[in-house]
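As a plain string of letters, each chain reads:
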Amino acid sequence: MTQYKQPSQRPLTGNGTVYLVGAGPGDPELLTLRAARLLSEADVIVHDGLVSEDILAMAPAATKRISVAKQRSRHSMPQDAINALLIAEAQKGHKVVRLKGGDPFIFGRGGEEASDCIKAGIRVEVVPGISAALGCAAQARIPLTHRDASSAVSFVAGQCKGLSDQNWSGLVGKGRTLVIYMGVANAESITEKLIADGASPDIPVAVLENGTRGNFRALRTLLTDLGDLVRREKVKSPALLVVGEVASYGDAEDRFVEYAQMAGVEF
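What counts, and where the lines are drawn
- Residues numbered from 1 in each chain as written.
- Predicted model: local features only at pLDDT ≥ 70, side-chain atom pairs only at ≥ 80, totals over all residues.
- Heavy atoms only, no water.
- Helix = DSSP H or I, 4+ residues; strand = E, 2+ residues; numbered from the N terminus.
- Buried < 20%, exposed > 50% of the residue type's maximum accessible area, 1.4 Å probe, protein only.
- Contact = heavy atoms within 4.5 Å.
- Areas by Shrake-Rupley, 256 points an atom, 1.4 Å probe, with all protein chains shown as cover.
- Salt bridge = Lys/Arg side-chain N within 4 Å of Asp/Glu carboxyl O.
- Patch = residues over 30% accessible without salt bridge, like charges linked within 9 Å, V, L, I, M, F, W, Y side chains within 5 Å.
- Lys, Arg positive; Asp, Glu negative; His and termini not counted.
- Polar contact = N/O pair within 3.5 Å; in protein donor to acceptor, adjacent residues only side chain to side chain.
- Pairing = 2+ DSSP bridges.
- Axes fitted to C-alpha atoms, helices over the stretch in contact; angles between N-to-C directions.

**Examining the overall build of the protein chain**
Argument step 1. A tally of helices and strands in the protein chain yields eight helices and 13 strands.
Argument step 2. Within the protein chain, the fraction of its 267 residues that count as buried is 47%.
Argument step 3. Here the analysis covers contacts within the protein chain between residues at least 6 apart in sequence; of these, 70% occur between residues at least 24 apart.
Argument step 4. Carbon and sulfur atoms make up 51% of the accessible area of the protein chain, which totals about 13,500 Å².

Right under this line is the structure:
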């Protein structure tokens, strides 16, 4: 049996600490109390582009802020350089808050950053945040689990290398919910992949855009129409896709019926 190996750690250096902090899906009121306190105490904040200005404004004006915002398929700073930056700032004795949208350990590369800091002898603490899946679904009143519809939830990334080679078989179907992060740009390919992997074309899908923010939208259609919906409605990131019977619950606007009537599609 393969055993998990902790990254080897040098003796702790300096007095600095790196805090991997989840900023939640956008609304400042969804921060944990600990996250809010650390923002007020930080010497340096290294933040992603999805962190809202309202959350950044909770830190004192004099706090050093460093943006490492990611655009589609491109970081303003490579991940290795971000890791090195965190280490360098902590070695100066700074209290470093690495602020990430959602939760740092759910598609946030927090595990990579923690490992490199630990190897360098830097103290690391993790402050969980409300993940985008939980926050966005809650705002749309979509239960990711439901006794009548779903007893299992899976999270996958829809924007990554080798998407077509990943095996999503069994993640969608009766009693299951699939939440797809970063999937808007690849909605057409995701639709084809899910159907090829056995998902029913008429399974409900909810598209949750700008979750917990003032311009939030929740749209619902069927899987076969997902790519077309994203184009018709000009859906932009950040947005999540919720695939499964639970998508038929909640407050998402049903856009498939409207589209089908306009297009003369029978269903």
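Still more to cover.
**A word on the environment of Ala137**
Argument step 1. Counting through the fold element by element, Ala137 comes out in helix α5 (residues 132–139).
Argument step 2. Judged by relative accessible area, which is 1%, Ala137 ranks as buried.
Argument step 3. Separated by 110 residues in the primary sequence, Ala137 and Ala247 place their C-alpha atoms 9.2 Å from one another.
Argument step 4. If we skip the residues at most four places from it in the chain, Ala137 touches Ala132, Ile142, Leu144 and Leu208.

**Examining the pattern of salt bridges**
Argument step 1. Here the structure, examined in full by the defined rule, presents 17 salt bridges.
Argument step 2. Taking the shortest distance from any N to any O, the salt bridge between Arg98 and Glu113 comes out at 3.2 Å. Pair noted here: Arg98 is in strand β6 (residues 95–100) and Glu113 is in helix α4 (residues 110–119), with a separation of 15 residues, a long-range link. For the pair Arg98 and Glu113, one class covers both residues: buried.
Argument step 3. Its salt-bridge partner being Asp197, residue Lys193 comes within 3.3 Å of it at the nearest N-O pair.

**Describing a nonpolar patch on the surface**
Argument step 1. There is a patch of nonpolar side chains on the surface, built from Phe107, Val153, Phe155 and Met182 and spanning about 310 Å² of accessible area.
Argument step 2. Examined against the element boundaries, Val153 turns out to sit in strand β8 (residues 150–157).

**Looking at the side chain of Asp103**
Argument step 1. Mapped onto the elements of the fold, Asp103 is located in the loop between β6 and α4.
Argument step 2. Buried charged residue Asp103 carries no salt bridge. Nearest counter-charge: Lys100, at 9.5 Å.
Argument step 3. Here the side chain of Asp103 touches Phe105 through a polar contact of 2.8 Å, landing on its backbone nitrogen.
Argument step 4. For Asp103, the residues in contact, after removing those within four places along its chain, are Gly22, Gly108, Pro128, Gly129, Ile130 and Ser131.

**Brief notes about the sheet that holds strand β1 (residues 17–22)**
Argument step 1. The strand order β3-β2-β6-β1-β7 describes an open sheet built from five strands, whose pairing is parallel. Strand pairing shows two members of the sheet lacking a second neighbour, β3 (64–67) and β7 (123–127), which therefore form its edges. The average angle at which neighbouring strand axes cross in this sheet is 20°, direction not considered.
Argument step 2. Across six bridges, β1 lies against β6 in parallel orientation.

**Thoughts on the pairing of strand β11 (residues 217–222)**
Argument step 1. Where strand β10 (residues 204–209) and β11 come together, six bridges link them in antiparallel fashion. The partner of Glu209 across the bridge, within β11, is Arg217.
Argument step 2. Direction of pairing for β11 relative to strand β13 (residues 253–254): parallel, over a ladder of two bridges. Within the sheet, the bridge partner assigned to Arg220 lies in β13 and is Asp254.

Geometric values such as these leave the question of function open.
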